[in-house]
Amino acid sequence: MLSQLHLFYEIIYVLSCIKPFFMNKQLLLLICLFYINAASAQKAKQYPVKVGEIPNKVLPREAMYLSPAFNNGTAFFRDGTSSERPFNYNFLLDEMHFLDNAGDTLAIANPELLSSVVIDSIVFYFDRGYLRQLSKQGNYKLALKQEMVQIADKTRGAYDVASGSSSIKTYGYINNSNSRIYKLQVEKDVLFKEVKSYYISDASGHFLKADKKSFYTLFEGDKPRQYLRAHKVNFNNEEDLRSLLMFCAK
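None of these values were measured; they are calculated from a predicted model.

Asks: Please clarify how helix H5 (residues 223-230) should be interpreted in this entry.
Replies: In an α-helix, one turn spans 3.6 residues, which is why side chains three or four residues apart end up on the same side. The set of residues buried in H5 consists of Pro224, Tyr227 and Leu228. Seen end-on, H5 carries its buried residues on one side only, within an arc spanning 95°. Across H5 from its buried face, at more than 90 degrees, point the exposed residues Arg229 and Ala230. Considering only its buried residues, H5 is in contact with helix H4 (212-218) and helix H6 (238-249).

Okay, here's the thing in structure tokens:
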């Protein structure tokens, strides 16, 4: 793959050949910067885990946790109780972790009983997994689901069975009475990559995938269709979804 610098010069060369016909230097530079930024944004970080390794033991911290450190927060429960602890969200395991009085890392048990978890100014909800609030318009919320997804390590496909077309099994866990203990190892060389998806909530706090169908379902009348007729919306783009939700909820 071309480096960013190499890519920059390749684009400069191609566009400079056609520049005299329809563009000036400023426009040429803007186009180059656009393509370089787009190429950088599309390249998601990937983390290798070799056969026999335990993912949450070998992956770097930034591939597992939302923040570099645990921060003071409050867990609010549906029964009206709350608990203040240092919290951090582990998106590899999709668990809300906290530090106990001894400094040990534990996961919140029975997260379905949570109303929300607030860490500094970041708000999390639990609806078949943890969702981080991005914006709120009236009774409606836009939220982010952050995950580490396992894919096959294609770089080893020519040498052994760890190829993109081979079937792979996600690493597992065993339960005890207190929390999940992750002990099972990956069965083949794999890669983990970060994937983000977006959700919107209805007035009762139930979250749906943020797509066209959900907006049509949640908002009565012609507001979603009216906005989509006038704007091109990328349902994988946070700013596009913020603007759509703001228009529909007002």
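Having seen it, we continue.
Asks: Please explain the pairing of strand E4 (residues 95-99) as it appears in this structure.
Replies: The side chains of a regular strand alternate between the sheet's two faces. Among the five residues of E4, four are classified as buried, and the element is accordingly described as predominantly covered. Bridge count between strand E3 (residues 82-90) and E4: four bridges; the pairing is antiparallel. Its bridge partner being in E4, Asn88 is matched across the sheet by His97. From the end of E3 to the start of E4, which pair antiparallel, there are four residues, and Asp94 there has a positive phi angle of about 55°. Bridge count between E4 and strand E5 (residues 105-107): three bridges; the pairing is antiparallel.

Asks: How should the nonpolar core be read in this particular structure?
Replies: Proteins that are soluble and globular tend to have nonpolar side chains buried together. Leu59, Phe87, Met96, Ile108 and Val117 are the most contacted members of the largest nonpolar core, which totals 25 residues. Where this core is concerned, the elements lending two or more residues are strand E1 (46-49), E3, E4, strand E6 (114-119) and strand E12 (190-201). Counting residues in hydrophobic clusters, the runner-up holds 18 residues, among them Leu228, Val233, Leu241 and Leu244.

Asks: Looking at this structure, how should I read the packing of H5 against H6?
Replies: Between H5 and H6, whose axes approach to 9 Å, the crossing angle comes to 140°. In terms of their interaxial angle, H5 and H6 are classed as oblique. As for how H5 packs across H6, the hand of that crossing is right-handed. The residues of H6 that touch H5, namely those facing Lys223, Pro224, Gln226 and Tyr227, are Ser243, Leu244, Phe247 and Cys248. Partitioning the contact of H5 with H6 into residue classes produces five nonpolar, two polar and one charged.

Scoring rules and cut-offs
- Residues numbered from 1 in each chain as written.
- Predicted model: local features only at pLDDT ≥ 70, side-chain atom pairs only at ≥ 80, totals over all residues.
- Heavy atoms only, no water.
- Buried < 20%, exposed > 50% of the residue type's maximum accessible area, 1.4 Å probe, protein only.
- Helix = DSSP H or I, 4+ residues; strand = E, 2+ residues; numbered from the N terminus.
- Arc of directions from axis to C-beta.
- Contact = heavy atoms within 4.5 Å.
- Pairing = 2+ DSSP bridges.
- Core = buried A, V, L, I, M, F, W, Y, C linked by side-chain atoms within 4.5 Å.
- Axes fitted to C-alpha atoms, helices over the stretch in contact; angles between N-to-C directions.
- Parallel < 35°, antiparallel > 145°, perpendicular 65-115°, else oblique.
- Left-handed = near helix turned anticlockwise from the far one by under 90°.
- Nonpolar A, V, L, I, M, F, W, Y, C, P; charged D, E, K, R; others polar.

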